[in-house]
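Examining the three-dimensional arrangement
Each chain, letter by letter, is given below.
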Amino acid sequence: MNAIEVIDVTKSFGSVVAVDKISFTVEPGTVTALLGGNGAGKTTTLSMLLGLLLPSSGAISLLGQDMIRHRYRVLPRVNFSSPYVDLPHRLTVRENLTVYGHLYGVKGLKTRMADLCRDLDLVTLLDRPVGKLSAGQKTRVSVARALLNQPELLLLDEPTASLDPDTADWLRGYFQEYRGRTGATVLLASHNMTEVERMCDRVLIMKSGRIVDRGTPADLFARYGRDTMEEVFLDIARDRRRPDEPERGEP
Ligand SMILES: Nc1ncnc2c1ncn2[C@@H]1O[C@H](COP(=O)(O)OP(=O)(O)OP(=O)(O)O)[C@@H](O)[C@H]1O
């Protein structure tokens, strides 16, 4: 069973086609990157996977459950983190984690919160309102919230966007350790190519709402004759694909 199955999914907003008939699967326990320039459709795709947006057409299943019919069965096993989604500002870190912990029905919440706050260096921030924290501190709270229910499937939208290089590097290691310890599946939208090379088993590249290429980082380096994901990304973004190369957008 795949952890994620997306079949012919389209999402339109009026005349804007944000996601255009994409299909992909993600194997359990793997880390997959969703790459693409601004407006490529990454956040729209993650929002549909989370059940925040309904696809205009197509089918999505997560952990073997159909997201249109059985989303409430699967959502307790899923979570997400994004620096662009705010937590309630006036509540302290402790209050935020407590409220979300209760919403997720976390058992042993106090111990779980204590472990996460220690791991994510939040102990001294527990009684500060989230609205008064720095962007990087908010990101760490958002990650703690995302891991409260020990998700089997973790969706990350630019998880390290607001972090300094040292904290970002540490957080990547933490996600990898979490995946190793729990066997969780991770889908990650990122503009950080080093992050993608370091963390991801597979890469899906989106452009104008479509998946235009896919494969392991090594596959993509070989196909484009490049040494880094940044060079591959620029080749695709600037339409420098060699004309003899076949389209790899289909599964
Ligand atoms: N609610 C909306 N109403 C209208 N258009 C939207 C809406 N949400 C997204 N779009 C459009 O859909 C397209 C894809 O947007 P999306 O946010 O998914 O891109 P993205 O790949 O996440 O971009 P970025 O890297 O800039 O965050 C864009 O053209 C965007 O303007």
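The preceding data block contains the structure.
Residues numbered from 1 in each chain as written. Predicted model: local features only at pLDDT ≥ 70, side-chain atom pairs only at ≥ 80, totals over all residues. Heavy atoms only, no water.

1. Describing helix α5 (residues 135-147)
Taking 1.5 Å per residue, 13 residues should reach 18 Å; α5 reaches 19 Å between its end C-alpha atoms and fits that length. Burial analysis of α5 places 11 of its 13 residues in the buried class, which makes it a mostly covered element. The set of residues buried in α5 consists of Gly136, Gln137, Thr139, Arg140, Val141, Ser142, Val143, Ala144, Arg145, Ala146 and Leu147. Of the surrounding elements, those touching the buried residues of α5 are β6 (78-81), α3 (93-103), α4 (109-119), β7 (153-157) and α6 (165-182). (Helix = DSSP H or I, 4+ residues; strand = E, 2+ residues; numbered from the N terminus. Expected span 1.5 Å × (residues − 1). Buried < 20%, exposed > 50% of the residue type's maximum accessible area, 1.4 Å probe, protein only. Contact = heavy atoms within 4.5 Å.)

2. Digging into the pattern of salt bridges
One pass over the full model with this rule turns up 13 salt bridges. A salt bridge links Glu195 to Arg172, with the shortest nitrogen-to-oxygen separation between them at 2.8 Å. Highlighted residues: Glu195 in helix α7 (residues 193-199) and Arg172 in helix α6, separated in sequence by 23 residues. Owing to a relative accessible area of 0%, Glu195 belongs among the buried residues under this scheme. With a closest N to O distance of 2.8 Å, Lys207 and Asp239 form a salt bridge. Taken together, the residues Lys207 in strand β9 (residues 202-207) and Asp239 in the segment after α9 (229-237) connect sequence positions 32 residues apart. Given a relative accessible area of 23%, Lys207 falls into the partly exposed group. Of the residues examined, Asp239 reaches a relative accessible area of 61% and is grouped as exposed. Among the ionic contacts, a cluster of salt bridges with common partners joins Asp115, Arg118 and Asp119. (Salt bridge = Lys/Arg side-chain N within 4 Å of Asp/Glu carboxyl O.)

3. Concerning the sheet that holds strand β2 (residues 16-26)
The sheet built from 4 strands is open, its strands ordered β2-β1-β4-β5 with antiparallel pairing. Both edges of this open sheet fall to β2 and β5 (65-66), since each of them pairs with a single strand only. With 7 bridges connecting them, strand β1 (residues 4-13) and β2 associate as antiparallel partners. Each residue of the ladder has a partner; that of Lys11, found in β2, is Val19. (Pairing = 2+ DSSP bridges.)

4. As for the site of the ligand
Every residue lining the ligand is accounted for by Phe13, Ala18, Gly37, Asn38, Gly39, Ala40, Gly41, Lys42, Thr43, Thr44 and His191. Gly39 is positioned with one of its backbone polar atoms (N or O) 2.8 Å from an oxygen atom of the ligand. Between the ligand and the protein, one listed contact pairs an oxygen atom with a backbone N or O atom of Gly41 at 2.9 Å. Taking 640 Å² as the accessible area of the ligand by itself, protein coverage stands at 58%. The dominant element in the shell around the ligand, judged by the number of residues it contributes, is helix α1 (residues 42-49), at 3 residues. Each residue belonging to the shell around the ligand can be placed in one class, and the counts come to 3 nonpolar, 7 polar and 1 charged. (Near = heavy atom within 4 Å. Polar contact = N/O pair within 3.5 Å; in protein donor to acceptor, adjacent residues only side chain to side chain. Areas by Shrake-Rupley, 256 points an atom, 1.4 Å probe, with all protein chains shown as cover. Nonpolar A, V, L, I, M, F, W, Y, C, P; charged D, E, K, R; others polar.)

5. Topic: the pairing of strand β3 (residues 31-36)
Burial of β3 is extensive: 6 of the 6 residues sit out of reach of the surface. Because side chains alternate across β3, one face comprises the buried residues Val31, Ala33 and Leu35, and the other comprises Thr32, Leu34 and Gly36, equally buried. One ladder, built from 4 bridges, connects β3 with strand β8 (residues 185-189); its direction is parallel. Looking across to β8, one finds that Val31 is bridged to Val186. As judged from the 5 bridges shared by β3 and β9, these two strands associate in the parallel manner. Note on β9: the bridge partner recorded for Gly36 is Met206.

6. Considerations on the packing of α3 against α4
Axis separation between α3 and α4 bottoms out at 11 Å; the angle between their running directions is 130°. Between α3 and α4, the crossing angle belongs to the class labelled oblique. In the crossing of α3 with α4, the sense of the turn from one axis to the other is right-handed. For the pair α3 and α4, the contacting residues are Arg94, Leu97, Thr98, Gly101 and His102 in the first and Leu109, Met113 and Cys117 in the second. Tallied by class, the residues present in the contact of α3 with α4 amount to 4 nonpolar, 3 polar and 1 charged. (Axes fitted to C-alpha atoms, helices over the stretch in contact; angles between N-to-C directions. Parallel < 35°, antiparallel > 145°, perpendicular 65-115°, else oblique. Left-handed = near helix turned anticlockwise from the far one by under 90°.)

7. Notes on the side chain of Asp213
One can find Asp213 in strand β10 (residues 210-215). A distance of 2.5 Å separates polar atoms of two side chains, one belonging to Asp213 and the other to Arg223. For Asp213, the side chain forms a polar contact with the side chain of Tyr224, separated by 2.5 Å.

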